[in-house]
Every structure is written in structure tokens, then in C-alpha cells.
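# Summary of the model geometry
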Amino acid sequence: MNVQSGDRPYWSPYLAGLGLGLTLLATYIVMGHGLGASGAFTQAAASLTARVAPEYAEKNSYLTAWLEDGFFTSWIVVEVLGVLVGGFIGGWTAGRLRFAVEGSARVGRGKRLVLALLGGIVVGFGARVAQGCTSGLALSGSAALALGAWVFTLAFFAGGFGTAWFVKRVWQ
Amino acid sequence: MSAPILPEGAWSLVAALILGILFGFFLERGGLGNARKLVGLFYLKDFSMVQVMFTAIVVASAGLVGLGAFGLVDLGQIAVPATYLWPQILGGLVLGAGFVIGGY
């Protein structure tokens, strides 16, 4: 197992994967669809736009599709809030809870946080272009054997490996 | 045919919360809440992300196919993401790049 010094050991990835797979299976059996993540941010963008500029939001067919639900009555938003709670419980009960900025010590905290914001913006943009993220497409879509999801997953790995060299200082 | 159950209104949100909590819990336990472990894949140092992810895909996929074969789940009612080849290639490449820059 790869455990960094000072970190409490994680579960075997196969055991965590089994738990995650059963959770995903339960989601399909109960809801008829899989798990997601980036959709919560699309919902937030749509709900905020409707609040700030309602006339613009009503004319934008991309946003109106998200406006049938309120923010806190949106399935994906409640699910992602659950993810925050579940992640917190997981870290807490394993004794992993602490404030930290993950990254190489060679890159300062400030620069790491700026890069995290930049990366987040790029990830958010890519997720909307593909209409899904690593949760909704790579994980859930692949389990449903969606062709586009497997294509997306391969492209995701290609994009990651292709970019890794340029930012290796951030991580090594 | 009873599944998918497709709860409505408040029940669907209760399901969202419970399933989300389980999702977050197992992600964290697998180390996928840790940016260094996630990004480690792209430097061939840590394979947790693919191990967790592909184990989950195999379990969920086999479960769906198996339950479907016994008629316990109506696979026709399962939402399968549509294929948009070029947007998914481009979006995947962009998302992968942002993932290594930001760490998540």
C-alpha cells in the first residue's frame, strides 16, 4: 500500500472499490441513474443566474433545463452535500482529519492554491463540454457500458498524462 | 418488475443524501480524497484511482447485468449517458489536463 509518512493507512483500493461499486449499483437500482458531481456546479450556476439575471436565464435553453428544480431540492446538489458529509465521516473515523494543502513542499502554498483554482476552472469547463465528469461519465457511465463514457475516460487519462510533465514540480 | 424504484419528491432527496454519504465515505477510504494519490497515477506512482474506479465499475456493471438477466431490474429504465464522440474526447482531454494542474 502506498502510504505517505504521517498518514493513516487507507483501505485496500479493491475493498474501497467494492464499497463504491455496491453504492453505484444501489444508486442505479433505486434512482435508475448513476452518481455525479459536476452537475451540482451546473445547478449552482443555473440557480445563481436565475436569481441575479432572471430574464437572461429564461432565454437560455441550456440553463432552463436546470431550473425545473430549486437548488436545495436538486438531486445532484443533495447527493454532493452527502459526499462532503461522507468524506468527512470517512476521514474523521480513520483519524485523518487535519487542515492541509496537499502538494509538493517545493511549490508554495499560495501557488498551489492558485493552481488548484486554475485546474478547477479547466476541469469545470471540460466537464460541461463532455456533459459529465469523472463521477457521472467515467465511473457511472462506464458501469452502464456507455460508449461515450469509455471514450471520455480514455481521453481523460490521455489529457492527464499529456499534462503531467508540465506541472511535475507541483507534485514531486 | 420492481426496480429501478424511482422514488419521487422528498424520498428521492433522502436517497440522494444517503447514497452521497456512502459515495463520499468509500472515496475517502480508498484515498481518492487525497490530491497527491489522485495525481500520483499520472506519474506512475500511485494506482489507487484506477484500482478503486475499475473495481467499482466491474462490480456495478456485473451487478446490473446479473440483476437484469434475472429480471430483477428493468435495464430499459436505466439511464445510459448519450454518446457525443468529439465533445467527450475534447472534454475528457481538457478535464484530464485540469485534473493534473489542480489535483482533483
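What you see is a predicted model; the values in this text were computed from it and never measured. Residue numbers here run from 1 along each chain, matching the order of that chain's written sequence. By the order in which they are written, chains take letters starting at A while ligands take numbers starting at 1. Owing to the predicted nature of the model, reporting of local features is limited to residues with pLDDT of at least 70; listing and counting of side-chain atom pairs is limited to 80 or more, with chain, interface and lining totals taken over all residues.

## Considering the overall build of chain A
Regarding its fold elements, chain A presents 9 helices and 0 strands. Going from N to C terminus, chain A has its helices and strands arranged as α-α-α-α-α-α-α-α-α. Along the three orthogonal principal directions, the C-alpha set of chain A runs to about 55 × 40 × 35 Å. In chain A, buried positions account for 45% of the 172 residues. The contact criterion used is a C-beta to C-beta distance within 7 Å, with each C-beta placed from the backbone. At a minimum sequence separation of 6, the contacts of chain A that also span at least 24 residues come to 56%. The numbering of helices and of strands both runs from the N terminus, where a helix is a DSSP run of H or I of at least 4 residues and a strand a run of E of at least 2. With C-beta atoms placed from the backbone, a residue counts as buried when 20 or more other C-beta atoms lie within 10 Å of its own, as exposed when 12 or fewer do, and as partly exposed for counts between those limits.

## A short note on the interface of chain B and chain A
Counting from both sides, the interface comprises 72 residues of chain B and, opposite them, 83 residues of chain A. Listed by contribution, the elements that provide at least two residues to the side of chain B that touches chain A are helix 1 (10–29), helix 2 (35–40), helix 3 (48–69) and helix 4 (85–102) of chain B. Asp, Glu, Lys and Arg are counted as charged, while Ala, Val, Leu, Ile, Met, Phe, Trp, Tyr, Cys and Pro are counted as nonpolar; the rest, among them Gly, fall into the polar class. Among the residues making up the side of chain B that touches chain A, the classes are represented as 47 nonpolar, 21 polar and 4 charged.

## Looking at the environment of Leu17(B)
If you trace the backbone, Leu17(B) turns up in helix 1. Judged by the 17 C-beta atoms lying within 10 Å of it, Leu17(B) falls in the partly exposed class. Put simply, Leu17(B) and Gly103(B) are 86 residues apart on the chain and 25 Å apart in space, counted from C-alpha to C-alpha. Those residues in contact with Leu17(B), other than ones at most four positions away along the chain, are Val78(A) and Gly82(A).

## Some points on the packing of helix 6 (residues 109–130) of chain A against helix 4 of chain B
Helix 4 of chain B packs onto helix 6 of chain A with a crossing angle of 165° between their chain directions and a minimal axis gap of 7 Å. Viewed along their axes, helix 6 of chain A and helix 4 of chain B adopt a mutual orientation that is roughly antiparallel. For the element pair helix 6 of chain A and helix 4 of chain B, the recorded crossing hand is left-handed. Residues Leu115(A), Ala116(A), Leu118(A), Gly119(A), Gly120(A), Val122(A), Val123(A), Phe125(A), Gly126(A), Ala127(A), Val129(A) and Ala130(A) of helix 6 of chain A form the contact with helix 4 of chain B, whose own contacting residues are Pro87(B), Gln88(B), Leu90(B), Gly91(B), Gly92(B), Val94(B), Leu95(B), Ala97(B), Gly98(B), Phe99(B), Ile101(B) and Gly102(B). Helix axes use the C-alpha atoms of the stretch in contact, all axes being lines fitted to C-alpha atoms, and the angles between their N-to-C directions lie in the range 0 to 180 degrees. Comment on the angle field: the value is read as roughly parallel under 35 degrees, roughly antiparallel over 145, roughly perpendicular from 65 to 115, and oblique elsewhere. For any pair of crossing helices, the crossing counts as left-handed if the nearer helix is rotated counterclockwise from the farther one by less than a right angle, and right-handed if it is rotated clockwise.

## Comments concerning the packing of helix 1 (residues 13–31) of chain A against helix 1 of chain B
Interhelical geometry of helix 1 of chain A versus helix 1 of chain B gives an angle of 165° and a closest axis separation of 8 Å. The orientation of helix 1 of chain A relative to helix 1 of chain B falls into the category roughly antiparallel. For the pair helix 1 of chain A and helix 1 of chain B, the crossing hand works out as left-handed. Where helix 1 of chain A abuts helix 1 of chain B, its residues Ala16(A), Gly19(A), Leu20(A), Thr23(A), Ala26(A), Thr27(A), Val30(A) and Met31(A) lie against Ser12(B), Ala15(B), Leu19(B), Leu22(B), Phe23(B), Phe26(B), Leu27(B) and Arg29(B).

## Re unusual backbone geometry
Residues and elements named next belong to chain A. The backbone of Gln131 shows a phi angle near 60°, a positive value even though the residue is not glycine. In this fold, Gln131 is placed in the loop between helix 6 and helix 7 (134–143). The exposure class of Gln131 is buried, given the 20 C-beta atoms found within 10 Å. Although it is not a glycine, Leu145 sits at a positive phi angle of roughly 60°.

## A short note on the nonpolar core
Counting residues in each nonpolar core, the largest one holds 68 residues, and the members touching the most others are Leu24(A), Leu139(A), Phe152(A), Ala56(B), Ala60(B) and Leu95(B). Ranked by residues supplied to this core, first place goes to helix 1 of chain B with 9 residues. The residue makeup of this core includes at least three contributed by each of domain 1 (11–98) and domain 2 (102–172) of chain A. Beyond its immediate stretch of four places on either side in the chain, Leu139(A) contacts Leu24(A), Leu35(A), Thr134(A), Met53(B), Ala56(B) and Ile57(B). For the purposes of this analysis, a nonpolar core is taken to be any set of buried Ala, Val, Leu, Ile, Met, Phe, Trp, Tyr and Cys residues that are connected through C-beta atoms within 7 Å. For the purposes of this description, domain bounds are those given by an automatic or database domain assignment.

## Remarks on the domain arrangement of chain A
Size of an interface, as often reported, equals the accessible area lost when the parts are brought together. Residues and elements named next belong to chain A. Segmentation of chain A into domains returns domain 1 (11–98) and domain 2 (102–172). Using only C-alpha atoms to locate each centre, domain 1 and domain 2 end up separated by 18 Å. In this complex, domain 1 contributes 9 residues to the contact, which on the side of domain 2 involves 12 residues. Residue classes in the side of domain 1 that touches domain 2 are distributed as 4 nonpolar, 5 polar and no charged.

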